[in-house]
There are 2 protein chains.
Amino acid sequence: MALHRIFNFNAGPAVLPLPVLEEIQASFLDYRSSGMSITEISHRSKLFDEVINDAVARAKRLLNLGEDFHVLFIQGGASLQFAMLPMNLLPKDRFADYVNTGTWSTKAIKEAEILKKDIRVVASSKDRDFCYIPKNISFNRDAVYVHLTSNNTIKGTQWANFPDTAGVPIIADMSSDILSRRLDMKKFGLIYAGAQKNIGPAGVCMVIIRDDLLKQIPEGLPSMLDYRTYATSNSLYNTPPCFTIYTIQLVLKWLEETVGGLDAMEKINRQKARLLYDFIDAGEFYRGTADKDSRSFMNVTFRLPSEELEKKFIAEATENGLGGLKGHRSVGGCRASIYNAMPTEGVAALVDFMKHFEQKNA
Amino acid sequence: MALHRIFNFNAGPAVLPLPVLEEIQASFLDYRSSGMSITEISHRSKLFDEVINDAVARAKRLLNLGEDFHVLFIQGGASLQFAMLPMNLLPKDRFADYVNTGTWSTKAIKEAEILKKDIRVVASSKDRDFCYIPKNISFNRDAVYVHLTSNNTIKGTQWANFPDTAGVPIIADMSSDILSRRLDMKKFGLIYAGAQKNIGPAGVCMVIIRDDLLKQIPEGLPSMLDYRTYATSNSLYNTPPCFTIYTIQLVLKWLEETVGGLDAMEKINRQKARLLYDFIDAGEFYRGTADKDSRSFMNVTFRLPSEELEKKFIAEATENGLGGLKGHRSVGGCRASIYNAMPTEGVAALVDFMKHFEQKNA
C-alpha cells in the first residue's frame, strides 16, 4: 500500500522531514542494536550522550556559535521562558526593553509583569492589529536586555533585520523561525525556541545563552528554573525529554547533511515564500494580511473575500491533501506555515490549488 | 530477521510494553489516516483532544478517582514539582511535614528550602543510608501537607502502607511506582510522577491534584508554574509534549485492557518481586540492601560479595540480554528495576542467570 502523507501546513506541532520520521520508525523497537527503543534507553547511557552531544554540536555548527554560547534543552516551552528570562536575568533595580509584535510578545510581557519586574514597552504594532514590525525604535542604553519575537506565528510578521541596540543584548523568541536563516550572533544574548515548529516535536525548548549572561544570575532560584543548572550539566541535571532531543538531533543532521546548512535552507525558504506571496499579490482574490516589508517567510497569513469562502477553501484544501491552513483561532482567516521541513512541492501544490479555487469561486 | 530485544532493567527511562511500541511504530508516518505523524499533528486538533481526554479518563478509571481530582500533564519532571509544590501550596505563615527516605526526598526538601519555606523533617532514614521506611512517625496536625516519596528508586525501598496523618493531605512523589498498585485516594491531596518509569517516555510529569488544594493557590505565580493554568485548560494552555502524552495513553490502555487493571497489575508485580527476593534470600551470595519490611517491589537493590564480582555480573548479564542492572551511580551495587512493563519471563531469566553466575563464581 502506498504511504498516505499530506502536505501539512500546521503552525506547530508541524511537519517534520520525512527521512527523519522514517529513521525513527525503522529503529523504534531496537535503537542502534541496543535491543531497546530510543524511548527506553537511559539518559545516563553512552548512547544518549552521543545523541545530546551531537544535537548540541550540530546546533553550534549550524549557527556558527562561538565558545561563549551554551545550547540548553529545557522543558515547558517558550511559555516557561517568558517567566524564566526575567527571573534569571532582570534584577530588581534594573529594567528591560520589550517590543510588542503580537500574541507571544504580549504573553512574554505579561509574565514579566506577574513577577513585578520593571519592563518598558519601547515599541508596539498593536495599533494596527500587529500587522507590521515597528521601525526606528528608541532603545534604552541602560536596559539589561531587549526582548523581541523574531517571527510572529499568528500574525504572519517577521523581523527582516534585527535592530541596532547599541550593545544591549537582544533576547529573542525564535520559536517559529529558529534555524531558518543565518544570524549575526553578536547581537544576541539569548535565543529560545519551542521545538515544535522548525526543529522537532513538542516537548522541549532550545535555549542558546551567552556565557556572560549566565554569570549575572542571582542565587536563590529553584534548580529547575536556573539556567546554570542546565549549563553545568549539559541539560542532564534530571531526566531530559530524550525522544524529543533525539528527534531534534536527526532534524539538525538532515539540515546539515541533506539540505546543506543554513545558507541553503534560507534560500529554499525564501523561494517557497516568494512563490506563495507572488501568487497572492498577482490577483485580488487573496489578500495578504501583513505589511509587505514585515512579511514572514515562515507563516503566510491571508484572507479570502468572505469568511464563507475561507471556510470552503480550508475544507476543500483538506480534501485535496493540504492540511492545517486554518488561521489561528484568535484571528481567523487562512495561514500556510511553510517551515524548513515543508518541501517546495508542497507550496507549489498549494499555489496550484489556490488558482483552481479562485477560478471556481471568484 | 528476528526482532532483537533485551530484558531492560533500567531504572528510568525504562522498558515500555512491546505492544505499545509496536503500535507507535506501525502508525508513525500516518497517524489514524491523517497523513501525518503523531509528532506532527496540532495539539488543538480533534485527534489530539481524543488522545489527551482518553489518557485522563483512563488514569481516572484505573485509580478510581472521584470528580474532585484533576489529572494534569506538566513538563519539567518531578524535579520541577519539588519547587512547584511549595510555591503553590505552602503559604508563608504555614509549614509542611516532610519525610526523608532518600535522594529524591532530599531534593524535594532542598527545593522547598531554596524558596525559604517553613518545612519540618518529621522522620528520616538517613541514619542507615536510607535502607528502610521510618515507622511510628509523629506528624503535625497543623501541617499544610505531608510530603513523602512512595518508592525510592535508588535505595530500593517503598512504603508498604501509607501512614495515618490525621486528615492532613499526603503529597506523594510516585515517580517510580505510579499505577503499580491500588491506592486509597482519601489519604492524598496530590500525587505526582515523572512518566519515564511506569507510564511512558521521559518528558512529562503526571500530577493528580484534589480540587480543594487548587483553591488554596495564591495569586501572582507565573502561568506555567501555577497548577490552575493546567487544570482550567486540560493541560493545553500551551503546546504540551504531545508524543509523550500519546505514549502514556497507549500504556494506560494496555494496563486497562491487556493487563486488566491495577488489581491484576499489582498481583503480577508482587509475583515478580517475590521471585527475585526469594531467590536472593535463599542463599548467601546475593544480599538485598533494603530492610525486608521496607523492600520495593519496583526496584530490587542487591550486592554481590565484592565490587569486582558486581562488575563482572553486570557485564556478563548485559552479554546475556539482561540490561540496566547497574546500581545508581551514587550508591553502586546492582539494581533490577521491574516496573509494570517488565514481563515475568524477564525476571525469571534474571533469576536463572543469577543462579548460573553464582555457581560459577561462588
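Residues numbered from 1 in each chain as written. Chains lettered and ligands numbered in written order. Predicted model: local features only at pLDDT ≥ 70, side-chain atom pairs only at ≥ 80, totals over all residues. Heavy atoms only, no water.

Some thoughts on the overall build of chain A
Then comes step 1: Broken down by element type, chain A carries 10 helices and 14 strands.
Then comes step 2: For 362 residues, the compact-globule estimate of 2.2 N^0.38 gives 21 Å, and chain A sits close to it at 21 Å.
Then comes step 3: In terms of principal-axis extent, the alpha carbons of chain A reach across some 65 × 55 × 30 Å.
Then comes step 4: In chain A, buried positions account for 63% of the 362 residues.
Then comes step 5: Once local pairs closer than 6 in sequence are excluded, the contacts in chain A between residues at least 24 apart make up 67%.
Then comes step 6: If you sum the accessible surface of chain A, you get close to 13800 Å²; carbon and sulfur atoms cover 49% of it.
Then comes step 7: Side-chain charges of chain A comprise 43 positive and 42 negative groups, with the mean position of each set lying 2 Å from the other. (Helix = DSSP H or I, 4+ residues; strand = E, 2+ residues; numbered from the N terminus. Rg over C-alpha atoms; globule rule 2.2 N^0.38 Å. Buried < 20%, exposed > 50% of the residue type's maximum accessible area, 1.4 Å probe, protein only. Contact = heavy atoms within 4.5 Å. Areas by Shrake-Rupley, 256 points an atom, 1.4 Å probe, with all protein chains shown as cover. Lys, Arg positive; Asp, Glu negative; His and termini not counted. Charge placed at Lys NZ, Arg CZ, Asp CG, Glu CD.)

Here's the deal with the domain arrangement of chain A
All names here are of chain A.
Then comes step 1: Domain parsing of chain A yields domain 1 (22-259) and domain 2 (261-361).
Then comes step 2: Tallying the contact residues gives 27 residues for domain 1 and 28 residues for domain 2.
Then comes step 3: Here domain 1 meets domain 2 over a buried area of about 2300 Å², counting both sides, of which 52% is carbon and sulfur.
Then comes step 4: Inspection of the domain 1/domain 2 interface yields 3 salt bridges.
Then comes step 5: As a salt-bridge pair, D263 and R182 come within 3.1 Å of each other at their nearest N and O atoms.
Then comes step 6: Looking at the side of domain 1 that touches domain 2, the elements that each hand over two or more residues are β7 (157-158) and α7 (242-259).
Then comes step 7: Considering each element in turn, the side of domain 1 that touches domain 2 owes the most residues, 4 residues, to α7.
Then comes step 8: Split into classes, the residues belonging to the side of domain 1 that touches domain 2 amount to 11 nonpolar, 8 polar and 8 charged. (Domains from an automatic or database assignment. Buried area = accessible area lost by both parts, 1.4 Å probe. Salt bridge = Lys/Arg side-chain N within 4 Å of Asp/Glu carboxyl O. Nonpolar A, V, L, I, M, F, W, Y, C, P; charged D, E, K, R; others polar.)

Thoughts on the interface of chain A and chain B
Then comes step 1: With 61 residues of chain A at the contact, the number on the chain B side is 61 residues.
Then comes step 2: Together, Q25(A), L29(A) and E40(A) form the three largest contributors to the area buried by chain A at its contact with chain B, with a combined 14%.
Then comes step 3: Linking chain A with chain B are 2 salt bridges.
Then comes step 4: As a salt-bridge pair, R5(A) and E40(B) come within 2.7 Å of each other at their nearest N and O atoms.

Section: the relation of the copies chain A and chain B
Then comes step 1: The two copies are related by a screw motion: chain A maps onto chain B through a turn of 180° and a shift of 0.0 Å along the axis, at an RMSD of 0.0 Å. Both copies are brought into coincidence by an operation consistent with a two-fold rotation axis. (Least-squares fit on C-alpha atoms with pLDDT ≥ 70 in both.)

What about the packing of helix α9 (residues 307-319) of chain B against helix α10 (residues 344-361) of chain B?
Residues and elements named next belong to chain B.
Then comes step 1: Interhelical geometry of α9 versus α10 gives an angle of 135° and a closest axis separation of 11 Å. Classified by the interaxial angle, the pair formed by α9 and α10 is oblique. Of the two possible hands of crossing, α9 and α10 adopt the one that is right-handed. Facing α9, whose interface residues are L309, K312, F313, E316 and A317, α10 presents L350, F353, M354, F357, K360 and N361.
Then comes step 2: Its residues assigned to classes, the contact of α9 with α10 comprises 7 nonpolar, 1 polar and 3 charged. (Axes fitted to C-alpha atoms, helices over the stretch in contact; angles between N-to-C directions. Parallel < 35°, antiparallel > 145°, perpendicular 65-115°, else oblique. Left-handed = near helix turned anticlockwise from the far one by under 90°.)

Remarks on the confidence of the model for chain A
Then comes step 1: Looking at chain A, the pLDDT average stands at 97 and 100% of residues meet or exceed 70.
Then comes step 2: The ipTM, which scores confidence in the relative placement of chains, is 0.98 for this predicted complex, and the corresponding pTM is 0.98. (pLDDT = per-residue confidence, 0-100.)

What about the state of the cysteines?
Then comes step 1: Applying the stated criterion to the full structure yields 0 disulfides over all chains.
Then comes step 2: Cysteine C205(B) remains unbridged, with the sulfur of C242(A) as its closest cysteine sulfur at 15 Å.
Then comes step 3: In this structure C205(B) comes out as buried when scored by relative accessible area, which is 0%.
Then comes step 4: Residue C334(B) stays outside any disulfide, its sulfur separated by 17 Å from that of C131(B), the closest cysteine. (Disulfide = S-S within 2.5 Å.)

Some remarks on helix α8 (residues 262-282) of chain A
Residues and elements named next belong to chain A.
Then comes step 1: Given a rise of 1.5 Å per residue, 21 residues ought to cover 30 Å, and the 29 Å separating the end C-alpha atoms of α8 matches this to within 8%.
Then comes step 2: The set of residues buried in α8 consists of L262, M265, E266, N269, K272, A273, L276, Y277, F279 and I280.
Then comes step 3: Tucked into the core, α8 has its buried residues touching α2 (46-62), α7, β11 (287-288), β12 (299-303), β14 (334-337) and α10 (344-361). (Expected span 1.5 Å × (residues − 1).)

Focus on helix α3 (residues 77-89) of chain A
Every α-helix winds through 3.6 residues per turn, so residues three or four apart in the chain are directed the same way.
Residue and element names in this part refer to chain A.
Then comes step 1: An ideal rise of 1.5 Å per residue puts 18 Å on 13 residues; α3 measures up with 18 Å between its terminal C-alpha atoms.
Then comes step 2: Along α3, the helix axis deviates most sharply at A83, where the bend reaches about 30°; the proline P86 sits within four residues downstream.
Then comes step 3: Here α3 lies mainly inside the structure; 13 of its 13 residues are buried. (Bend = angle between axes of the 7 residues up to and from the residue.)

Some points on the packing of aromatic side chains
Then comes step 1: Throughout the structure, instances matching the rule amount to 34 aromatic pairs over all chains.
Then comes step 2: Between F28(A) and F28(B), the aromatic rings sit 6.4 Å apart at their centres with planes inclined by 20°, giving stacked as the arrangement. With F28(A) in the loop between α1 (18-26) and α2 and F28(B) in the loop between α1 (18-26) and α2 (46-63), this pair bridges two chains.
Then comes step 3: A relative accessible area of 2% means that F28(A) is categorised as buried.
Then comes step 4: Ring centres 4.9 Å apart and planes at 85° place the aromatic pair F285(A) and Y286(A) in the edge-to-face group. Across the pair, exposure class does not vary: F285(A) and Y286(A) are buried alike.
Then comes step 5: Members of the aromatic cluster, joined through ring pairs, are F28(A), Y31(A), F243(A), Y246(A), F28(B), Y31(B), F243(B) and Y246(B).
Then comes step 6: Of note, R120(A) hangs over the ring of F95(A), and the distance from its end group to the ring centre comes to 3.7 Å. (Phe/Tyr/Trp six-rings, centres within 6.5 Å; stacked < 30°, edge-to-face > 60°. Lys NZ or Arg CZ within 6 Å of the ring centre and 35° of its normal.)

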